[in-house]
Amino acid sequence: MNTLDRLKNRAILNAVSAYGGICRRSYLNAAKRTDRVEKKVLSGILRRNADTEFGIKNRFRDIRTIEDYQDTVPFSVYSDYADYLDRTAMRGEQNLITSDRISFLADTSGTTGITKHIPVVPRSYAPYLGCMAMYFNLLKKELKTRGLRGGKVLNTIESESSVTPGGIRQGFISAFVVGNSRFLIENATCLPLEVLGYGATIDMKYIKARCALAEAELVGAVSAFMSTVTDLMYYITENHEMLERDIASGGIDASINIPPELRASLRRRFKPDPERAEAIRRAFSCGTHEGLVPRLWPGMSLIVAIGTGEFAPFAEKMRYYCGGRVKFCYSMYCASESLFASAVNVEDENYLMLAHAGFFEFIPVDDEFDENTMRPLLLHELEVGKHYEVVVTSLAGLYRYRINDVIVVTGYEGKSPLIRFAYRKNQLINITGIKLTAEHITNAIAGFEKRIGVKVLDYSLYPDLSRAPWRIQAFMELDGEIPSEMQSSVPSVFDEELSKVNAEHGHMLKIGESSPSVVCTVARGSYERYRAERAKQKLSGNQVKAVRYIDTPDKLEYFNSCVEKVYE
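None of these values were measured; they are calculated from a predicted model. (Residues numbered from 1 in each chain as written. Predicted model: local features only at pLDDT ≥ 70, side-chain atom pairs only at ≥ 80, totals over all residues. Heavy atoms only, no water.)

Some thoughts on the pairing of strand β19 (residues 471-478)
At step 1: Within β19, eight of the eight residues are buried, which leaves the element mostly enclosed by the surrounding structure.
At step 2: Side chains Arg471, Gln473, Phe475 and Glu477 of β19 all project onto a buried face; the interleaved residues Ile472, Ala474, Met476 and Leu478 project onto the opposite face, where all are buried too.
At step 3: Direction of pairing for strand β18 (residues 456-464) relative to β19: antiparallel, over a ladder of eight bridges. Residue pairing in the sheet places Tyr462 in a bridge with Gln473 of β19. (Buried < 20%, exposed > 50% of the residue type's maximum accessible area, 1.4 Å probe, protein only. Helix = DSSP H or I, 4+ residues; strand = E, 2+ residues; numbered from the N terminus. Pairing = 2+ DSSP bridges.)

Quick word on the sheet that holds strand β10 (residues 339-342)
At step 1: One open sheet accounts for seven strands, arranged β9-β10-β11-β15-β14-β13-β12; its pairing is antiparallel. At either end of the open sheet lies a strand with only one pairing partner, and these are β9 (332-334) and β12 (359-364). Each adjacent strand pair in this sheet contributes to an overall mean axis angle of 45 degrees, direction not counted.
At step 2: Two strands pair when backbone bridges link them, and β9 and β10 are joined in this way by three bridges, in the antiparallel orientation. Within β10, the position partnered with Met332 by the bridge is Ser342.
At step 3: Where helix α1 (residues 3-31) meets the sheet, its contacts fall on β11 (351-353), β14 (401-413) and β15 (416-424), and the angle it forms with β11 comes to roughly 60 degrees.
At step 4: Contacts from helix α6 (residues 122-145) reach β9 and β10 within the one sheet, and its direction differs from that of β10 by about 20 degrees. (Axes fitted to C-alpha atoms, helices over the stretch in contact; angles between N-to-C directions. Contact = heavy atoms within 4.5 Å.)

With respect to the pattern of salt bridges
At step 1: A full pass over the atoms with the stated rule returns 31 salt bridges.
At step 2: With its nearest N and O atoms 3.0 Å apart, the salt bridge here joins Arg531 to Asp458. Linking Arg531 in helix α18 (residues 526-536) with Asp458 in strand β18, this pair joins segments that are 73 residues apart in sequence. You'll find Arg531 and Asp458 in the same group, each marked buried.
At step 3: Residue Asp458 pairs with Arg548 through a salt bridge whose shortest N-O separation is 2.7 Å. You can see Asp458 sitting in strand β18 and its partner Arg548 sitting in the loop between α18 and α19 (553-561), a full 90 residues away along the chain.
At step 4: The exposure class assigned to Arg548 is buried, which follows from its relative accessible area of 6%.
At step 5: Connected via shared salt-bridge partners are Glu53, Asp83, Arg87, Arg91 and Glu93. (Salt bridge = Lys/Arg side-chain N within 4 Å of Asp/Glu carboxyl O.)

Comments concerning the pairing of strand β7 (residues 302-306)
At step 1: Counting buried positions over the five residues of β7 gives five, a clear majority of the element.
At step 2: Alignment of strand β6 (residues 218-225) against β7, held across four bridges, turns out to be parallel. If you follow Phe225 over to β7, its bridge partner there is Ile306.
At step 3: Inspection of the sheet shows β7 paired to strand β8 (residues 327-329) by three bridges, in the parallel sense.

Looking at helix α12 (residues 274-284)
At step 1: Considered for burial, the residues of α12 that qualify are Arg276, Ala277, Ile280, Ala283 and Phe284. Each buried residue of α12 lies within a common arc of 115 degrees when the element is viewed along its axis, so the set occupies one face. Seen from the buried face of α12, the exposed residues on the opposite side, beyond 90 degrees, are Pro274 and Glu275.
At step 2: Tucked into the core, α12 has its buried residues touching α9 (204-214), α10 (226-249) and α13 (292-296). (Arc of directions from axis to C-beta.)

Details of the state of the cysteines
At step 1: Per the stated rule, a full pass over the model turns up zero disulfides.
At step 2: No disulfide involves Cys211; its sulfur sits 5.8 Å from the nearest other cysteine sulfur, which is in Cys190.
At step 3: Of the cysteine sulfurs around Cys322, a residue in no disulfide, the closest is that of Cys329, at 14 Å. (Disulfide = S-S within 2.5 Å.)

Focus on the nonpolar core
At step 1: Judged by nonpolar contacts, the single largest core of 143 residues is most densely connected at Ile207, Trp297 and Met318.
At step 2: A total of 10 residues in this core trace back to one element, the largest contributor, which is α6.
At step 3: Residues in contact with Met318, not counting those within four places in the same chain, are Met226, Val229, Thr230, Met233, Val293, Ile303 and Phe328.
At step 4: Core analysis: the next-biggest nonpolar cluster, separate from the first, contains 23 residues, Ile445, Trp470, Ile482 and Tyr567 among them. (Core = buried A, V, L, I, M, F, W, Y, C linked by side-chain atoms within 4.5 Å.)

Notes on the sheet that holds strand β4 (residues 161-163)
Sheets are built from strands that pair by backbone hydrogen bonding, the pairs being arranged parallel or antiparallel.
At step 1: Read from one edge of the open sheet, four strands run β2-β1-β5-β4, paired in mixed fashion. The outermost strands of the open sheet, each flanked by one partner alone, are β2 (117-120) and β4. Sheet twist, expressed as the average angle between the axes of neighbouring strands with direction ignored, equals 30 degrees.
At step 2: Of the pairings in the sheet, the one linking β4 to strand β5 (residues 169-171) comprises three bridges and is antiparallel in character. In the strand pairing of β5, Ser162 is matched with Gln170.

Everything listed here is a matter of coordinates, which is why it stays silent on function.
What follows is the structure, given as structure tokens:
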């Protein structure tokens, strides 16, 4: 950065950090009076939307209490809003489910098999903005401990979007976030504005890697998921010689898929920098990738991305790349439908539920729950250690909406629960009495790798019903070879660890209702290639989630094609 750019960068970081500090204090103060905040949020939602088509139909004006609301408005799913949202998308109709103007329709990634278009309004975006500012505040604190005053941030979030026949922008939620943060992106991140909007239509991984490596004063990284960051680091390690040449010459390798007009624009921006290219070469010359991140970027201080639960293996891989010298912030727990909770401290895997981000209800899943006679619980009524299905009334026009997410309560901050994501109700193995969730699998893999002595980089499970009794087929990408003395016990160790976290699994094996599992190791890079292919299939890279449950023939065919060794 030149002197002017450095001054602008510091001024913007200071301003955003100051606002983020205010937001953080506000979230923690609100947690002390969650029960009052809940009532205020619901009252505001009902009052604003009483005269919408949905509000009139459901008699919002007659609702006075939370109990009235629960008695009057039924639980909902996406199909209850599909007609309203189609009318908005195709004809531009407003005031159907929300009085706020729907300015964006967020496409989900279709993990349930249906592509959904979720309404977004400025009011529902505000909590995201506050959380992003808070992360910059946490970054600023980390920089201060290192004696740094500023620097650029790598933003991996993409912004490809289109316009519906009714004139409404649509795309993945990341496109809305980026589109409303262009000034911040231009001055605080290392990605040039002209690449935003291309998405998977170009080689974005090259551009992100090229821009990140060229920026010696990189101090942070922001991504939706930690897997995106690890995939980028893998790309850098595999292609660093090409990237070094391009940075030294100011060019762009001819093999890179970039439209001519964008290539020309970037060539004008990229200047030859042989000194930086030599620094990158030296960073790779020590022969190990452990600690590579601080060697490439000595000021790197904070990585903001979801790295808990099913993304924990990616966080561990990034810690290897970082050599223990970079702090992590695990970002937020959110979906296209709403923001639910956020990390408020670095290196804290718990998320604070944000009562101002929507009105939330919780259905117990550990105990029997009769929807006809029992009421869902509220934020301040949850029990530590219990699991709950989340129901949200969003700020953008979804009412008592079941998103099929299950969270576990880990503690409390004031009257607001601290939570972790546990699993999705529609993404678990449920066969002949065995219910395996993402949480079960994550814990079992952690125990498995400790006993085997090899790090599991990524993994998936498939219920193999082609044989009787059925069995679990586990696919694993490993960071090394399994010791010879452990190879014969690989399947039994996996089953033992899975039985520790799920007693039904061990019981079914014992009585012969299921067969011992088979463990298949796949080639290095198999999962990264899968995510790259998915990103090309009109999915934002930020929407490609971890593949923990193989539920389609295409997924099974792909991972079977990557198998190197079978343990059974």
